Structure formats: C-alpha cells, structure tokens
Amino acid sequence: MRGLIIVLFMIVSSFAQDNYSKKDIEKMIAKMVVLGFTGTSIDKNSQIYKDIESGLGGVILFDKDPNDKTKAKNIENKAQLKKLNQQLQSINKSKLLISIDQEGGIVQRLKSEAGFVNTLKASEISQNGEVFAKKSYEAMAKDLSSVGINLDFAPVVDLAINKDNKVIVTRGRSFGENPQIVIKYASIFVDELKKEGVISTLKHFPGHGSSLADSHLGFVDITKTWDKKELEPYKYFIKNNKADMIMTAHVFNENLDKNYPATLSYSVNTKLLRQELGFKGVLITDDLQMSAISKHYDLKQTLTLAINSGVNLLLFANQLAKPITLKEIVDTVYSQILSEQITLDKIIESNKKIDELLGKI
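These numbers come from a predicted model, not from an experiment.

Basis of the calculations
Residues numbered from 1 in each chain as written. Predicted model: local features only at pLDDT ≥ 70, side-chain atom pairs only at ≥ 80, totals over all residues. Heavy atoms only, no water. Axes fitted to C-alpha atoms, helices over the stretch in contact; angles between N-to-C directions. Helix = DSSP H or I, 4+ residues; strand = E, 2+ residues; numbered from the N terminus. Parallel < 35°, antiparallel > 145°, perpendicular 65-115°, else oblique. Left-handed = near helix turned anticlockwise from the far one by under 90°. Contact = heavy atoms within 4.5 Å. Nonpolar A, V, L, I, M, F, W, Y, C, P; charged D, E, K, R; others polar. Pairing = 2+ DSSP bridges. Salt bridge = Lys/Arg side-chain N within 4 Å of Asp/Glu carboxyl O. Buried < 20%, exposed > 50% of the residue type's maximum accessible area, 1.4 Å probe, protein only.

Draft legend 1. Looking closely at the packing of helix α2 (residues 22–31) against helix α12 (residues 326–338). At a closest axis distance of 9 Å, the pairing of α2 and α12 adopts a crossing angle of 120 degrees. On the basis of the axis angle, α2 is oblique to α12. Where α2 crosses over α12, the handedness of that crossing is right-handed. Taken together, the residues of α12 that come into contact with α2 (itself represented by Lys22, Ile25, Glu26, Ile29 and Ala30) are Leu326, Val330, Asp331, Val333, Tyr334 and Ile337. Class assignment of the residues belonging to the contact of α2 with α12 gives a composition of eight nonpolar, no polar and three charged.

Draft legend 2. Seen up close, the sheet that holds strand β1 (residues 33–36). The sheet built from five strands is open, its strands ordered β8-β5-β2-β1-β14 with parallel pairing. Sheet topology places β8 (151–152) and β14 (314–316) at the edges, where each strand pairs with a single neighbour. Pairing of strand β5 (residues 97–100) with β8, which is carried by two bridges, proceeds in the parallel orientation. Pairing of Ser99 across the sheet is with Leu151, part of β8. The sheet strands contacting helix α4 (residues 78–90) are β2 (58–61) and β5, and the helix crosses β2 at an angle near 165 degrees.

Draft legend 3. Representation of the pattern of salt bridges. Scanning all chains against the criterion turns up 19 salt bridges. The residue Lys78 makes a salt bridge to Asp143 at a minimum N-O spacing of 3.0 Å. Separated by 65 residues along the polypeptide, Lys78 in helix α4 and Asp143 in helix α6 (residues 130–146) bring together distant segments of the chain. Lys78 gets classed as partly exposed once you look at its relative accessible area, which sits at 33%.

In structure tokens, the structure reads:
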C-alpha cells in the first residue's frame, strides 16, 4: 500500500512539474464530455449550470423526455430554446458546444410544431436535386444558428448498401447507395451549416449502412457486410479539408479490429482514420450509453478504451439509461491517469483539437 502511495505521489508530482494541477486536469477531462440533461430552463442551482462552471465541453439537446414523451426534455419552442442556450453559453468564458441531432426526416429534434422548419429525410432530399437540397439545408442551418446551436450531429454519410438496414436505410437517413451521390448531398449540408457558423459531424464511421442490426439495441457485427467503399465519403471530406468532426459507430468488424467495436478501437480510430485517411479534426463517440457499449463494458473500460483509441469527445446523452454525472466521468478518467492507464498527453491533445474546433464558431 505504501508503495502505491509513493507511486501516486510521484505521478501527481510529475503533473505539477508540467504545470498542471489536479483541478487543471479535471477541467481538461470535463472539456472532453458532451452531456445530456433535463430542463427547459436553468438557474445557478441546476446541475448542468454547475457542470458548465466546472468546464463541461458541451451539451446535447432533445425535444422529448425519454421517460415521459408527453413532456419536453429541453425544447418547447423557439423563444424558450434561444433563451436556454443563451443561459448555457453565458455560464463560462470558454465557448460551449451546444449540440443536437438534426438530420431531417425521422431524426429532427427541432420540430415544425415548435416553430421550426421541417426538413425531408436524406433519401428524399437526394431525389429532389441539388437546388432543393441547398434551400432545405440553408433553412435548417438558419434555424439552428438562430437559437444558438453551434454543433449538428449530421450529415449521415452512411451508404444505403443493405436495403433491410433498420437503423439507417429503411428510415431514409442515407442519401443513397452510391458514394458520389452521398458526397454530393452531404457536401451541400456541410456547406450550408458552415455558412451559419454551425459545425457539422460526419457519421457513422467507418460505416453503418451495411449493418443488419441497430447499435441502440445491442452488439452490431458488420464483418461480413461492410464494404471498403463506405470509406469514400470520409476520404473526400478529409482530403478537401471539410471534415471538422467525425462520429464513430458502435459497430464491430473483425477485419478492422478483432476485439473492439469502432468506438473503442485504436485500429479503427487511430490507424485507419487518423494515420491512413489523414483525419486531423475532432473525433466524437456515438452515445456511450447505447446498449452496444453499455451491455459489454463498464464505465472505466469504456472511457479508457475510447480515449486510448483516439477519441476526443465523449458523448453521454442521458437518454437510454440511468443518467450519468460529469463527476463520475471526470473522477474515473482522472483515476485512470493516476494509474497510468490513460496518458495525460491524450487529454492535452484532445483539448488542443477541441480548442481549434471552437475557433471555427
């Protein structure tokens, strides 16, 4: 025990020599977290207010309370949402990522009944031509920026390879099977968001359009269905410097990694995405509370594997499970740094990437 205390003291001392206090490190970890919360307004006593004061990197907004769909979770109408986001943004001097899933079709948290523009699903947008797509995404982007949302988890660049795919294809969330069609319409989406100062997120890396199962519900194995052409949209956006953020998928492909799903895979996130494809932007996980992850890994394993794989932002939507607190996440990562399971360099590197991203909004 005495030996462990000496080792921990030496590690903490080395942090101090690097000019990072415990509080500094905790703030850097907090900056790597995007958290869901319940509330259509906040005050100084709200937990999310305290979390942002502690350095929380971002929030994700939802319209409906998952436990009671008749109640609003964060969004009632335009005026209310704008005020909420102004409150959230004013808590800390550093810029807060205020994010949402706004794709169009079945996935849009900003709904027409709350005063927002309705956007068609991707499969319909691509059938209506480029001019229609530009008008649609221009209107959506204006809606997002008008209420203070600066990060959209869209567009989907998955290819509609498997016609029976229940999470992407049958829901019309893909622009099509052809990579060039997907690239064309996703580019319009990305460009229109950028004009309004909204960061786009390409998802779901390395491709969810060939899967047979839904990662919300459990383990998804794409080993036999995945095709290399699913990387084409990512290659295009990275090469043309249009990929600010990419979201990983909770999909497993033993040809890419024999042990872990993409979200937790060094082979996928660092070797393939960063080294082979040359991605230098921010990598965010899909929701880490989804069953594909939470049924197989505890919090310590999830956080350690994700960060070591090359992920920069950790998404906990607090939609599908018992809410997780920022303190739990920060304490877990900090303890893993002390025990040398995660290097401090990974945290510093992620914070640099996040700061670069914030400079674009």
